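# Residue-level structure breakdown
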Amino acid sequence: NNNIRFLLKTLIIISEEEEEKTGRGGRKGRGKHRPPKQSSRDCRVEKREMRVRDLGLGFDSDEIVLFKFCVGSCQSSRTNYDLALKALLHNGSLPRHTARKVSKQPCCRPDRYEPVSFMDAQTTWRTIQSLSAASCMCMG
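About the criteria used
Residues numbered from 1 in each chain as written. Predicted model: local features only at pLDDT ≥ 70, side-chain atom pairs only at ≥ 80, totals over all residues. Heavy atoms only, no water. UniProt positions renumbered as here; feature names shortened; annotations may be inferred. Salt bridge = Lys/Arg side-chain N within 4 Å of Asp/Glu carboxyl O. Buried < 20%, exposed > 50% of the residue type's maximum accessible area, 1.4 Å probe, protein only. Helix = DSSP H or I, 4+ residues; strand = E, 2+ residues; numbered from the N terminus. Disulfide = S-S within 2.5 Å.

Per an unreviewed UniProt entry, the protein chain goes by TGF-beta family profile domain-containing protein and derives from Gouania willdenowi. Under the UniProt heading Subcellular location (unreviewed entry), the entry covering the protein chain gives this text: "Secreted". Under Sequence similarities (unreviewed entry), UniProt gives the following word-for-word description of the protein chain: "Belongs to the TGF-beta family. GDNF subfamily."

Structural data, given as structure tokens:
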């Protein structure tokens, strides 16, 4: 059955990803156990200097602030829910109008925020709460 093969392939991929994350499998006799390195594709915070005006929040300021945001993949955070949902979408078990609205995997989002302060064009200090990502995690 194609559905069973699809699920088995997905489980094998996840099993291999878990082995890579935990350092098990294929590493026999290679020295000390080291924690896995974070992939450049994993969910993480990135930083960019941005003009306040470019943030699109309506503030008149030429100030440059450090804006932190979340980027990266959450493939390694998939759960049984995500596997089952992927199978149901793949085999057509969910109605098409429902399938279009479903989030197919966890997404990288801020789990904590930081305020950002700047001086506007009228020389007034402003603070915007919950603007910049303090840390990120896979959600959903």
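On we go from here.
## Examining the pattern of salt bridges
One pass over the full model with this rule turns up 7 salt bridges. Measuring nitrogen to oxygen at the nearest pair gives 2.2 Å for the salt bridge that ties R53 to D62. For D62, a relative accessible area of 55% translates into the label exposed. Its salt-bridge partner being K68, residue E114 comes within 3.2 Å of it at the nearest N-O pair. Residue E114 is located in strand β3 (residues 107-119), and its partner K68 is located in strand β2 (residues 64-71); the two are separated by 46 residues in the primary sequence. A network of salt bridges, in which partner residues are shared, links R44, E46 and R48.

## Quick word on the state of the cysteines
Counted according to the given criterion, the structure contains 3 disulfides. Linked covalently through their sulfurs, C43 and C108 form a disulfide whose S-S length is 2.1 Å. Note on the C43 and C108 pair: the S-S dihedral is about 80°, so by sign convention the disulfide is right-handed. Placement of C43 in the loop between α1 (2-22) and β1 (44-51) and of C108 in strand β3 is noted, with a sequence separation of 65 residues between them. Like C43, the residue C108 is buried in the burial classification. Sequence-ordered numbering of the bonded cysteines in the protein chain yields a pairing of 1-4, 2-5, 3-6. You can see C107 has no disulfide; the closest cysteine sulfur is in C74, sitting 6.6 Å from it. Residue C107 is classed as partly exposed on the basis of its relative accessible area, which comes to 38%.

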